[in-house]
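Spelled out from the first residue to the last, the chains are:
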Amino acid sequence: DSLMKKTLRKKFVLFAMSAVTILLVVLVGAINGISWMILDGQSTVILHTLANGEDKFFQKELRDPELWMPPMNMDTIKSARFFVVQSGKVLKVDTDQISSVSEKEASQYAAQVTDIAGKIDHYKYEVKQLGTDRLIFFVDTSSQWGMFMMVLSISSIIASLCWIVIFLFVVLLSGRGVRPILAGIEKQKQFITNAG
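Keep in mind that what you see is a predicted model, and the values were worked out from it rather than measured. (Residues numbered from 1 in each chain as written. Predicted model: local features only at pLDDT ≥ 70, side-chain atom pairs only at ≥ 80, totals over all residues. Heavy atoms only, no water.)

1. Concerning the overall build of the protein
Scanning the protein from terminus to terminus reveals 5 helices and 5 strands. Start at the N end of the protein and walk to the C end: the helices and strands fall as α-α-α-β-β-α-β-β-β-α. Looking at the protein as a whole, 32% of its 196 residues are labelled buried. Surface accessibility of the protein: about 13100 Å² in total, with carbon and sulfur atoms responsible for 65%. (Helix = DSSP H or I, 4+ residues; strand = E, 2+ residues; numbered from the N terminus. Buried < 20%, exposed > 50% of the residue type's maximum accessible area, 1.4 Å probe, protein only. Areas by Shrake-Rupley, 256 points an atom, 1.4 Å probe, with all protein chains shown as cover.)

2. Brief notes about the packing of aromatic side chains
Counted under the stated rule, the structure contains 10 aromatic pairs. When the centroid spacing of 6.1 Å and the interplanar angle of 45° are considered together, the rings of Phe83 and Tyr109 count as tilted. In this pair, Phe83 sits in strand E1 (residues 82-87) while Tyr109 sits in helix H4 (residues 103-111), placing the two residues 26 residues apart along the sequence. With a relative accessible area of 0%, Phe83 lands in the buried category. Judged by relative accessible area, which is 14%, Tyr109 ranks as buried. Between the aromatic rings of Tyr109 and Phe138, the centroid separation amounts to 6.2 Å while the plane-to-plane angle is 50°, which identifies the pairing as tilted. Placement of the pair is Tyr109 in helix H4 and Phe138 in strand E5 (residues 133-140), with a sequence separation of 29 residues. Across the pair, Phe138 and Tyr109 agree in class, each one buried. Cluster of aromatic residues (ring-pair linked, three or more members): Phe83, Tyr109, Tyr123, Tyr125 and Phe138. (Phe/Tyr/Trp six-rings, centres within 6.5 Å; stacked < 30°, edge-to-face > 60°.)

3. Quick look at the nonpolar core
In terms of nonpolar packing, the biggest core is built from 15 residues, with Phe83, Val85, Val113, Tyr123, Tyr125, Ile136 and Phe138 touching the most fellow members. Other than its neighbours up to four places away in sequence, Phe83 contacts Asp94, Thr95, Ile98, Val101, Ala106, Tyr109, Tyr123, Ile136, Phe137 and Phe138. Core analysis: the second largest hydrophobic core is formed by 11 residues, Ala51, Phe82, Val84 and Val139 among them. (Core = buried A, V, L, I, M, F, W, Y, C linked by side-chain atoms within 4.5 Å. Contact = heavy atoms within 4.5 Å.)

4. Focus on a nonpolar patch on the surface
On the surface, Ile157, Leu161, Ile164, Phe167, Leu168 and Val171 cluster together to form a nonpolar patch covering roughly 520 Å² of accessible area. Mapped onto the elements, Ile164 comes out in helix H5 (residues 142-195). Owing to a relative accessible area of 43%, Ile164 belongs among the partly exposed residues under this scheme. (Patch = residues over 30% accessible without salt bridge, like charges linked within 9 Å, V, L, I, M, F, W, Y side chains within 5 Å. Salt bridge = Lys/Arg side-chain N within 4 Å of Asp/Glu carboxyl O.)

5. A closer look at the sheet that holds E1
An order of E2-E1-E5-E4-E3 is seen for the 5 strands of this open sheet, with the pairing classed as antiparallel. Of all strands in the sheet, those with a lone pairing partner are strand E2 (92-94) and strand E3 (117-120), marking the two edges. If you compare each strand with its neighbour and ignore which way they point, the axes differ by 20° on average. Of the pairings in the sheet, the one linking E3 to strand E4 (residues 123-130) comprises 4 bridges and is antiparallel in character. The residue of E4 that forms the bridge with Ala117 is Glu126. (Pairing = 2+ DSSP bridges. Axes fitted to C-alpha atoms, helices over the stretch in contact; angles between N-to-C directions.)

Written as structure tokens, this is what we have:
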């Protein structure tokens, strides 16, 4: 009888903790997925604004916030770390807005560009054609990646602590949860004995 009780308690704990684990994984995944979409979208807006000129941005000084996106203004754009490479007959490099990339490194990144937009290492790029020349705008996304990793770490630690607390509660309360099942089994045995 005690063996059956132990088996039922183990099954109860396993079932409850499986459900809690799935819930926490989905929750942490959703939080971090949305966080990544916001950060990635922000860097895309910054890059697109730089590539298409500030004058268009100034026409609407404060960009309307989209779903899950904070409002964008010129302070946000100007705080971005970026560099620009103009390739054509003469190669021109502008690294005034970033200190971690030299002109040589910027030229090497520009040489790797194969598409109109994309990503190389932790730099997103967008190409703007100017006649025979082309301007390649690179935005550093390492701060977004750092922010994403911080949110992922914090949410994972909180989820792990919640899992441990819930596990302790489930183990402590599993005896109570199993009692009605054991009572039902006992009644069924009694019924079978009486019927026999």
